[in-house]
Amino acid sequence: MSSDTRFDPSSADARWQNAWEEAQTFRADSDSPKPKSYVLEMFPYPSGRIHIGHVRNYTMGDVLARYKKATGHEVLHPMGWDAFGMPAENAAMEKGVHPGGWTRDNIEHMKAQLKRLGFALDWSRELATCEPDYYGHEQALFIALYEAGLVYRKESEVNWDPVDMTVLANEQVIDGKGWRSGAEVEKRKLNQWFLKITDFAEELLEGLGSLENWPDKVRLMQENWIGKSKGLEFSFDLSPTGLPANRATKIPETLPVYTTRPDTIFGASFVAVAADHPVAQAIDSDEAREFIALCKRGGTTAAELETAEKLGFDIGITAKHPFTGADLPVYIANFVLMDYGTGAIMAVPGHDQRDFEFATKYGLPIPRVVAPGVEEAGKPFDGEAEAGEGVIVNSDFLDGMSVEDAKREIIRRIEEQGRGTGKTVWRLRDWGVSRQRYWGTPIPFIHCDACGVVPAPKDSLPITLPEDVDFQTPGNPLVRHETWKQVDCPKCGGKAERETDTLDTFVDSSWYFLRFASQPDDRPFDAEEVAKWLPVEQYIGGIEHAILHLLYARFWTRALAHIGQIEVKEPFASLFTQGMVTHETYSRKEGGKTVYYAPDEISREAERALLKDDGGEVEIGRVIKMSKSKKNVVDPDTIVDSYGADAVRWFMLSDSPPERDLPWSEAGIEGCSRFVHRLWRLFSAYDAGAQGDDKALDRKTHQTVAAVADDIEALGFNKAVARIYELTGAVEKASPSASRSAAIRTLVQLVAPMMPHLAEEAWAGMGMEGLVADAPWPDVDPALLVEDEVTIAVQHKGKLRDTLTAPKGAAKEDLEAMALASEKLQRSIHGAEIRKVIVVPDRLVNIVT
RNA sequence: GCGGGUGUGGCGGAAUGGUAGACGCCGGGGACUUAAAAUCCCCUGAGCUUUGCUCGUGUGGGUUCGAGUCCCACCACCCGCACCA
């Protein structure tokens, strides 16, 4: 190879991308006898442009996929598009384009961007969720779940934007106003479709235990979200003691409450119901209605809840304590939630902070029923409730019991009385999947006045979205589309109407990994093919999906297993959540306003940053997540243009551990680019005919191969990168030899998963056969992994005094003698008496005086 | 409030209880060049009375021959959930 040619990514990148495509290098063959490996990154929403965060995500997956291929696996590494969603409709409203056209243009553009980065993807399996050949199968699955009783309709309260005429997700309501229209959001009751995820609450919780290769953080978040709590549901008998007779009629005789602390029942000093509880609603008084309205007005932001005062309204009835017979006052309280438990509580101020604050405010008794020990039954409270462990006191037959024993005893007695039962309550709610939106999967149901809700016949699928829609009128265009809407009832043949709601886009992403595994025309997937590839061996994506997407996908997989369509129960064997790409910000005060500048408008010096336009100094702000508003974004296309795909990929893997944030910097990418060219110079100096051994270099090479393999398998890309730098330095310094030539060949292979274009170019230049992408991972000779000489630390009382070189495996006595011969050590000991000698073979000698 | 995480040079970060700071970036010095770019070499935690010594991994304790690593308490920052009975 000639050493004066420079590596030119602008021609080499495309050349090798074409070579892989022609050779179908990354096409997954499900009939291959090799062990299967399914590597998947969370598929993108086609917003228009690839973001640098995508590049980091896909680069990690790509390194793993290429490594898996090199180590003898048949790899499935697909890519697709999570293509339904609101931005397409917003674009339609703002720019007058069709959501479909907008989305498909974006996909085309982003696909070209991804191809420029040289990802080892099987594009033959590409899918987009907005195409009928995807969502039609989703409709079939939805009907199958309906037939299995896992889909139902229920009237439920939604956030309604009266201007945009649509339902808003909670995240889209900002300070009580619609995020787009700014209109005051109304609560409306609408018939909505639900998936019975709560049927799987126990399974989804227990399944977390088997997901050993998921981050603990994600498992905990899901655990908390599912929110299992064990307790007791029981009823109080109500009497309208303090209520005028004419108001008492609507009050029920009993009031069910739920508690997780039945052991503290003797400490109950009042009962409280939520503002929208039927008992509260039944009170026929202006004051009560006023109070209820006040409760509803309360904000739900963190800050408001933190400072919100506990407020109550005594409704003048009493609840009879099931054991003491005492009459407890019943309040409407602003801190009781209707949608958890029964919407009513027994309040134990001594052992619940909220109840404590309430009781303090309204002068209610605060009895102690749990104490550190029996002799402390009279201990006063120190300004707050004590929620911890202890022994039960002041509680009749429970006195002296542990909290756990007392819980069991109360549940037993309440059940014996027929007054209630031990119960498990979940925080998890059923999944509402209705969206009053156009750009989503049409829910395949038909409303018939005579027959009710009827599933669309299977042979009518896919039910496709009509193309002739307009977005200039607010609201869901499907509702206004009379010809699309009108349909004959499949049951009675009479006039009927299609459902106009579409499915939440999280449904689309709940099974796409199954469709990647096999794509038959006549059904969503082939169970046998799914069994070959699933579960996904490594799933990589952002932490922001820790709960919703990852929980929904787990649920959907279990639901499909439940109805016998697949065997696999957990879709993702290993999960990795990568950090964000961050960048410092550049800003300057201009006329009292902070103006941000993009990195390419700035020339960055060591200590300061100047605006290119006028040479003025701008303030360098914190390193934060890239966002358009702070202008601290870099565009993947631009940097690939400047540095080539390999330098960008290398940067994505260098320095920061993959789970942490990666600060983007101009200096950093330039360093990576320098390294690409440095490697190229080294590869260009390859001499296939060089003679002679270099044992030390052989060792370094083999050690590096083994270490890089371990690092990649553990996704420790930053460490693999550091080792490759080390080996590069060692090879550069070595004199020509057969060993050095072998080391260069090996180095090409080690960088191939990370810098595939450079590696192919070098591989071809060295006259190697085939593509490096098809080459097996270099063999490691275990004998070369161990050094024959080691450096021994010589310590005095644990402090380093000297180091010495000894043969590997030297005897303890020899090491001790060598250490004691050290002049530096002797100077430190200074004639003191040696009390102890610790020798760790091959590591150190520590002299204790 | 509850749950979880993180804290190491100027910066990103290495380090099975065993030589702290690998590797990269920034910075400094030098070589090559008419010059620049590119490249190469050397230095680069702090301090000191500099053959060497002392200090040093958020703070304070502890265990150990030996602690960035293990234990206890605290501080700061980040993330998730949140009036969930």
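Above: the structure in question.
The paragraphs below set out a description of the structure included in this document. Please read all numbers here as calculations on a predicted model, not as lab measurements. (Residues numbered from 1 in each chain as written. Chains lettered and ligands numbered in written order. Predicted model: local features only at pLDDT ≥ 70, side-chain atom pairs only at ≥ 80, totals over all residues. Heavy atoms only, no water.)

1. Quick word on the overall build of chain A
Here comes step 1: For chain A, the helix and strand inventory stands at 27 helices and 37 strands.
Here comes step 2: C-alpha extents for chain A along the principal axes are approximately 110 × 90 × 65 Å.
Here comes step 3: The buried share among the 849 residues of chain A stands at 52%.
Here comes step 4: Once local pairs closer than 6 in sequence are excluded, the contacts in chain A between residues at least 24 apart make up 70%.
Here comes step 5: Per element, the accessible surface of chain A, about 38700 Å² overall, is 49% carbon and sulfur.
Here comes step 6: Where the 96 positive side-chain charges of chain A centre and where its 133 negative ones centre are 2 Å apart. (Helix = DSSP H or I, 4+ residues; strand = E, 2+ residues; numbered from the N terminus. Buried < 20%, exposed > 50% of the residue type's maximum accessible area, 1.4 Å probe, protein only. Contact = heavy atoms within 4.5 Å. Areas by Shrake-Rupley, 256 points an atom, 1.4 Å probe, with all protein chains shown as cover. Lys, Arg positive; Asp, Glu negative; His and termini not counted. Charge placed at Lys NZ, Arg CZ, Asp CG, Glu CD.)

2. So, the packing of aromatic side chains
Here comes step 1: Under the counting rule described, the total for this entry stands at 41 aromatic pairs.
Here comes step 2: Ring geometry for Tyr-331 and Phe-358: centres 5.1 Å apart, planes at 85°, overall edge-to-face. Of this pair, Tyr-331 sits in strand β14 (residues 327–333) while Phe-358 sits in helix α11 (residues 353–362), and the two are 27 residues apart along the sequence.
Here comes step 3: Judged by relative accessible area, Phe-358 falls into the buried class, the value being 0%. (Phe/Tyr/Trp six-rings, centres within 6.5 Å; stacked < 30°, edge-to-face > 60°.)

3. Here's the deal with empty space enclosed by the protein
Here comes step 1: Tallied over the full model, the rule gives two cavities of 30 Å³ or more.
Here comes step 2: If you trace the largest cavity, you find it lined by Phe-26, Arg-66, Lys-69, Ala-70, Gln-749, Ala-752, Pro-753, Val-772, Ala-773, Ala-775 and Trp-777.
Here comes step 3: Per element, the largest residue contribution to the lining of the largest cavity is three residues, and it comes from helix α2 (residues 52–70).
Here comes step 4: For the lining of the largest cavity, a count of residues per class yields eight nonpolar, one polar and two charged.
Here comes step 5: If you add up the space inside the second largest cavity, you get close to 80 Å³.
Here comes step 6: Lining the second largest cavity we find Glu-89, Met-93, Asp-164, Thr-166, Gln-436, Arg-437, Phe-471, Thr-473, Pro-474, Gly-475 and Asn-476.
Here comes step 7: Its residues assigned to classes, the lining of the second largest cavity comprises three nonpolar, five polar and three charged. (1 Å grid on protein atoms, 1.4 Å probe; cavity = no way out; pocket = protein on both sides within 12 Å on 5 of 7 lines; lining within 4 Å. Points joined across faces, edges and corners; volume = space filled by probe spheres on them. Nonpolar A, V, L, I, M, F, W, Y, C, P; charged D, E, K, R; others polar.)

4. Some words on the sheet that holds strand β21 (residues 445–448)
Here comes step 1: Read from one edge of the open sheet, four strands run β22-β21-β24-β23, paired in antiparallel fashion. Unpaired on one side and paired on the other, β22 (452–455) and β23 (486–488) mark the two borders of the sheet. Recorded for the sheet is a direction-independent mean angle of 40° between the axes of neighbouring strands. (Pairing = 2+ DSSP bridges. Axes fitted to C-alpha atoms, helices over the stretch in contact; angles between N-to-C directions.)

Limitation: the analysis is restricted to geometry and does not speak to function.
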